[in-house]
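Structural description and commentary
These are the residues of each chain, in order.
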Amino acid sequence: MQLALDQRLKLPGIVLLGALCGVALAAGGMTAFILCAAGLGCAFVLWDFRCGVVLLILLMPLSGSTTLFPHELFGIVGLNPLNLLLAGTLCSWLLHAFGGGGLRSFLPRPLLLLYVVPILVAGAIGTQHIHEIAPTLLMVDPQLNFSTAFGYLRDLMLKPLLMVVFALLVAAAVAKSERPVRFLLPAVVSMCVMAAIVPVYVAQSGIGLRALAGSDERVFLSALGLHANDLGRLYAIAFALLLFTWAEGKELPLRWVLLAAAGATAVALVLTFSRGAFVELAVVSALYVLWRRSLRTLVFAAVVGVAVLALAPAAIYERLATGEGAGLNAISAGRVDGLWLPLLPEVLRHPLFGNGLGAILWSDAMRRGAGQGVIPATHPHNAYLEALLDMGVIGTVLVCAYFVHVFRGLRELSRQPQLEPALRGLFQGAAAGLVGMLVSDFTDSSLAPRPEQAFLWLAIGMMYGEWARRSSP
């Protein structure tokens, strides 16, 4: 009876999607084809939302981090294949939940109270300051194209929170799967595809390593969709997942695939020449040795470390030595005097709840001195300073408490003997990647969801899914 009801609910949705695909195809062009393909994909997803989750795992890092996927269809902001797939998967899960799967366990309470609520509150505060954005920043960043509260919330609040929705759908799929380890396959495929993008792009461009490492080439990789620093952090988390999963894996073919993927990811990370990513990589590697204390691990780490030091090109050492001997401001690429110190008084103006998401846009420092002693930037280049500006001390403490909660959960699952070894390695690698991310966040990125955090949120979703499996009969 219940199965028949589910099928009757899903069939009209598939028919409706087919009709929409026909209309899109009549419009003609590649855009219509992409939209039609996405609609057909959603039709299959309606039969089993886990199919959509697999596609999301494959496409989320690629679509969110590169320009290889369209971000607009028919000129409508937000209408793109990824969002269509995300909406279709969510609708399919809702049909399943209404049919007896249950809705109560979808959004974990720590995620809601410690993470989502502070972002929502900061977004509500920020809607009062849209008209105060520094005019200089509007010329520096053409993406600041919102002039209404809806556009502001769409770009700075709703779009980042889609990453959380992705994690929740992963959790729901893991909770309903007999062998969650199977979700590693699309994850590894996605990591391999992402690892190939930067080396291929660099090889086709013909640029030399020394030029690529130069401070004036930091935006060279931005044509791919993300800044070099963001791509580096994406690779660092992927490397952590691959390294620890390889260490725990028992099947020889899987171990070889994971080792090759980890090596390719490390090469891609190096080509970003992101010092923050180098720091994150060093933290992950140190935690690997610390958490897996054994003679075998020490020998392996020593051999790899010596090989890396001996074979690393001179461009890497030159990049690491940027600003050496010229003071902290030079090492930070001018951020200390040009951003961090001028923005500190803004924190004291709204210490408890902050001044809204993107508060740097209407800060006094930017409104009065952008381009004149203050770097005209739309981001403080310090995730903790950004959190204090946007969400205040209360919001920052809550968000940091959430990441402590995630770290403890990942570490707990990594020690569970009843889990498959590869899953234990994944959770251990995610914990190491989280620590590395929080360390590197002192120089960039954000505590709010970002595209470069896609693989971390994948692991968080799998963590919640595993907890749901444990609590279900």
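Residues numbered from 1 in each chain as written. Predicted model: local features only at pLDDT ≥ 70, side-chain atom pairs only at ≥ 80, totals over all residues. Heavy atoms only, no water.

Here we come to the overall build of the protein. Within the protein, the regular secondary structure consists of 20 helices and 2 strands. Of the contacts made within the protein by residues no fewer than 6 positions apart, 76% connect residues no fewer than 24 positions apart. Split by element, the accessible area of the protein, about 21,500 Å² in all, is 69% carbon and sulfur. (Helix = DSSP H or I, 4+ residues; strand = E, 2+ residues; numbered from the N terminus. Contact = heavy atoms within 4.5 Å. Areas by Shrake-Rupley, 256 points an atom, 1.4 Å probe, with all protein chains shown as cover.)

What follows covers helix 16 (residues 335–349). With 15 residues, helix 16 should reach 21 Å at 1.5 Å per residue; the first-to-last C-alpha distance of 21 Å fits that figure. Of the positions making up helix 16, those classed as buried are Arg335, Val336, Gly338, Leu339, Trp340, Leu343, Glu346 and Val347. Buried residues in helix 16 make contact with helix 10 (228–248), helix 15 (328–331), helix 17 (364–369) and helix 18 (383–414). (Expected span 1.5 Å × (residues − 1). Buried < 20%, exposed > 50% of the residue type's maximum accessible area, 1.4 Å probe, protein only.)

Think of an α-helix as 3.6 residues a turn; residues three or four steps apart then line up on the same face. Taking 1.5 Å of rise per residue, the 18 residues of helix 20 (residues 454–471) would be expected to cover 26 Å, and the 26 Å separating its terminal C-alpha atoms lies within 8% of that figure. Among the 18 residues in helix 20, 13 count as buried, and that is most of the element.

One non-glycine residue, Phe273, lies in the positive phi region at around 50°. Along the chain, Phe273 turns up in the loop between helix 11 (252–272) and helix 12 (275–291). A positive phi angle is found at His381, which is not glycine, with a value near 60°.

Right, let's get into the environment of Leu169. Looking at where Leu169 falls in the secondary structure, it is placed in helix 7 (residues 149–175). When the C-alpha positions of Leu169 and Leu107 are compared, they lie 9.9 Å apart, and in sequence the two are 62 residues distant. Not counting chain neighbours up to four residues away, the residues in contact with Leu169 comprise Phe49, Val53, Leu56, Leu86, Thr89, Leu90, Trp93 and Phe106.

Before going further, it helps to examine the pattern of salt bridges. For the coordinates displayed, the defined rule picks out 12 salt bridges. A salt bridge links Arg233 to Asp444, with the nearest nitrogen and oxygen atoms 3.7 Å apart. Placement of Arg233 in helix 10 and of Asp444 in the loop between helix 19 (421–440) and helix 20 is noted, with a sequence separation of 211 residues between them. Each member of the pair Arg233 and Asp444 is classed as buried. With its nearest N and O atoms 3.7 Å apart, the salt bridge here joins Glu248 to Arg424. Residue Glu248 is found in helix 10, and its partner Arg424 is found in helix 19; the two are separated by 176 residues along the sequence. Here Glu248 and Arg424 have matching classes, each one buried. (Salt bridge = Lys/Arg side-chain N within 4 Å of Asp/Glu carboxyl O.)

As a further point, take the packing of helix 8 (residues 184–205) against helix 11. Contact pair helix 8 / helix 11: the axes reach a minimum separation of 8 Å and the direction vectors enclose 35°. The element helix 8 and its partner helix 11 pack so that their crossing is left-handed. In this structure, helix 8 contributes Val188, Met191, Cys192, Ala195, Val198 and Pro199 to the contact, and helix 11 contributes Val257, Leu258, Ala261, Ala264, Thr265, Ala268 and Leu271. When the residues that make up the contact of helix 8 with helix 11 are grouped by side-chain class, the tally is 12 nonpolar, 1 polar and no charged. (Axes fitted to C-alpha atoms, helices over the stretch in contact; angles between N-to-C directions. Left-handed = near helix turned anticlockwise from the far one by under 90°. Nonpolar A, V, L, I, M, F, W, Y, C, P; charged D, E, K, R; others polar.)

With that settled, the discussion passes to the nonpolar core. Leu111, Tyr115, Phe166, Tyr402, Phe455, Trp457 and Met462 are the most contacted members of the largest nonpolar core, which totals 132 residues. Top contributing element to this core by residue count: helix 10, with 15 residues. Contacts of Met462, omitting those with residues within four sequence positions, involve Val170, Val174, Pro180, Phe183, Leu423, Leu426 and Phe427. (Core = buried A, V, L, I, M, F, W, Y, C linked by side-chain atoms within 4.5 Å.)

Per the stated rule, a full pass over the model turns up 13 aromatic pairs. With a centroid separation of 5.3 Å and 55° between ring planes, the pair formed by Tyr115 and Trp457 is classed as tilted. In this pair, Tyr115 sits in helix 5 (residues 109–126) while Trp457 sits in helix 20, placing the two residues 342 residues apart along the sequence. With respect to burial, Tyr115 and Trp457 carry one shared label: buried. Seen in terms of ring centroids, Tyr384 and Phe442 are 4.5 Å apart; in terms of plane orientation they differ by 35°. Their pairing is tilted. Taken together, the residues Tyr384 in helix 18 and Phe442 in the loop between helix 19 and helix 20 connect sequence positions 58 residues apart. Among the aromatic residues, those joined into a ring-pair cluster are Tyr115, Tyr402, Phe403 and Trp457. (Phe/Tyr/Trp six-rings, centres within 6.5 Å; stacked < 30°, edge-to-face > 60°.)

On the surface, Leu107, Leu112, Leu113, Val117 and Val121 cluster together into a nonpolar patch covering about 340 Å² of accessible area. With respect to the helices, strands and loops of the structure, Leu113 is situated in helix 5. Judged by relative accessible area, which is 47%, Leu113 ranks as partly exposed. (Patch = residues over 30% accessible without salt bridge, like charges linked within 9 Å, V, L, I, M, F, W, Y side chains within 5 Å.)

This part takes up the packing of helix 16 against helix 18. Packing of helix 16 against helix 18 brings their axes to within 9 Å, and their N-to-C directions diverge by 30°. With respect to their mutual orientation, helix 16 and helix 18 come out roughly parallel. Helix 16 and helix 18 meet at a crossing whose hand is left-handed. Counted together, Trp340, Leu343, Leu344, Glu346 and Val347 of helix 16 and Leu385, Leu388 and Leu389 of helix 18 form the full contact between these two elements. (Parallel < 35°, antiparallel > 145°, perpendicular 65-115°, else oblique.)

Let us now look at the environment of Met157. Mapping Met157 onto the fold places it in helix 7. You can call Met157 buried: its relative accessible area is 9%. When the C-alpha positions of Met157 and Ala448 are compared, they lie 9.1 Å apart, and in sequence the two are 291 residues distant.

Our focus in this paragraph is the side chain of Asp390. On the secondary structure map, Asp390 appears in helix 18. Within the buried core, Asp390 has no salt-bridge partner, and the shortest N-O distance to an opposite charge, that of Arg450, equals 9.3 Å. Ignoring sequence-local partners within four residues, the contact set of Asp390 consists of Ala122, Phe353, Gly354, Asn355, Gly356, Leu357, Gly358 and Ala359. (Lys, Arg positive; Asp, Glu negative; His and termini not counted.)

All quantities given are derived from atomic positions and should not be read as evidence of function.
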